[in-house]
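Summary of structural features
Here is how the chains run, residue by residue.
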Amino acid sequence: MTLTDPTQALAELQAGNRRFVTGAPRHPNQDSVHRAAVADGQHPFAVIVGCSDSRLAAEIIFDRGLGDLFVVRTAGHTAGPEVLGSVEYAVSVLGTPLVVVLGHDSCGAVQAARDAARTGTPPDGHLRAVVDAVAPSLRRAAEQGVDDVNGIVDIHIAHTVEALLANSAVLAAAVADGRCAVVGMSYRLAAGEVQTVAAVPSVVPAQAGDRATAVAG
Ligand SMILES: [Zn+2]
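Now for a quick tour of the structure. Note that the structure is predicted; figures quoted are calculated from it, not measured.

**Details of the nonpolar core**
One finds Leu 13, Ile 48, Phe 62, Leu 98, Val 99, Leu 102 and Leu 171 to be the most contacted residues of the largest nonpolar core, which totals 61 residues. Tallying contributions element by element places helix α7 (residues 149-167) first for this core, with nine residues. When neighbours within four sequence positions are excluded, Val 99 is seen to be in contact with Val 47, Val 49, Val 87, Val 91, Leu 164, Leu 171, Cys 180, Ala 181, Val 182 and Val 183.

**Comments concerning the sheet that holds strand β5 (residues 193-200)**
The mixed open sheet is built from five strands, whose spatial order is β2-β1-β3-β4-β5. A single partner strand is all that each edge strand has here, and the edge strands are β2 (69-74) and β5. Taken pair by pair, the neighbouring strands of this sheet meet at an average axis angle of 25 degrees, ignoring direction. Bridge count for strand β1 (residues 46-51) against β2 is six bridges, and the pairing is parallel. If you follow Gly 50 over to β2, its bridge partner there is Arg 73. Sheet strands in contact with helix α4 (residues 81-93) are β1, β2 and β3 (98-104), and its direction is about 175 degrees off that of β2.

**Details of the environment of Pro 28**
Turning to its location among the elements, Pro 28 is positioned in the loop between α1 (6-21) and α2 (32-37). The class of Pro 28 is buried, set by a relative accessible area of 14%. Note: C-alpha distance between Pro 28 and Leu 66 (38 residues apart in sequence) is 8.4 Å. Ignoring any residue separated from it by four or fewer positions in sequence, one finds Pro 28 in contact with Arg 19, Asp 63, Arg 64, Gly 65 and Asp 68.

Conventions we followed
- Sequence positions are assigned chain by chain, starting from 1 and proceeding in written order.
- Since the coordinates come from a predicted model, pLDDT governs what is reported: local features require at least 70, and pairs of side-chain atoms require 80 or more to be given and counted, while whole-chain, interface and lining totals use all residues.
- Excluded from the side-chain calculation are hydrogens and water; included are all heavy atoms of the structure.
- By nonpolar core is meant a set of buried Ala, Val, Leu, Ile, Met, Phe, Trp, Tyr and Cys residues that side-chain atoms within 4.5 Å join together.
- Exposure is judged per residue with a 1.4 Å probe applied to protein chains only, and the accessible area is read against the type maximum: over 50% gives exposed, under 20% gives buried, and values in between give partly exposed.
- Strands are runs of DSSP state E lasting at least two residues, helices are runs of H or I lasting at least four, and both sets are numbered from the N terminus onward.
- We call two residues contacting when some pair of their heavy atoms lies within 4.5 Å.
- In this description, strands pair whenever DSSP reports at least two bridges between them.
- Here an axis means a line fitted to C-alpha atoms, over the contact stretch when the element is a helix, while the angle between two N-to-C directions is reported on a 0 to 180 degree scale.

These figures capture arrangement, not role.
Structure representation (structure tokens):
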């Protein structure tokens, strides 16, 4: 399957998540025949910039298989240079039409950042880089009077969407040309369900009942 339309790509992801949520996954593209078929080249229809949390495995929660998703995961879905470069590779070289920022409730990286801000004590080692990357979202949450972790998570997802677009001219150009869309999704660990919390362009249709809010663009 080669998808080039952002709206179709989003619909495909949402359909896969629905299968996963309802306990009726098809496990597509995970057999040996498909493995051989995609060995010569990949055309993933979505980039997932997700949190590294072990319960957030992209191919499982979207019920997809080999060659479908180009996955970049860091604790707290931070958007540093290597992440931006990976997204740009997928969008500009592979022609992937959709970038999804995937966060989740009870995110440990967001909790660690909030704890560091409250105590004034940054964590040791490179974990500090993760906490520092989440800090701007914490400040935005504070401005909005949001203090609960899951509320901060949604703000951080929307902030990551904005950061990808602000810091990658390649991605911004692809979105401006209509070749790509960027969508922020929040995953519920217990229910297994994703909800759209941000979308650029805002015309990308959201699921019914989603609390989608369009960010700039
Ligand atoms: Zn997390």
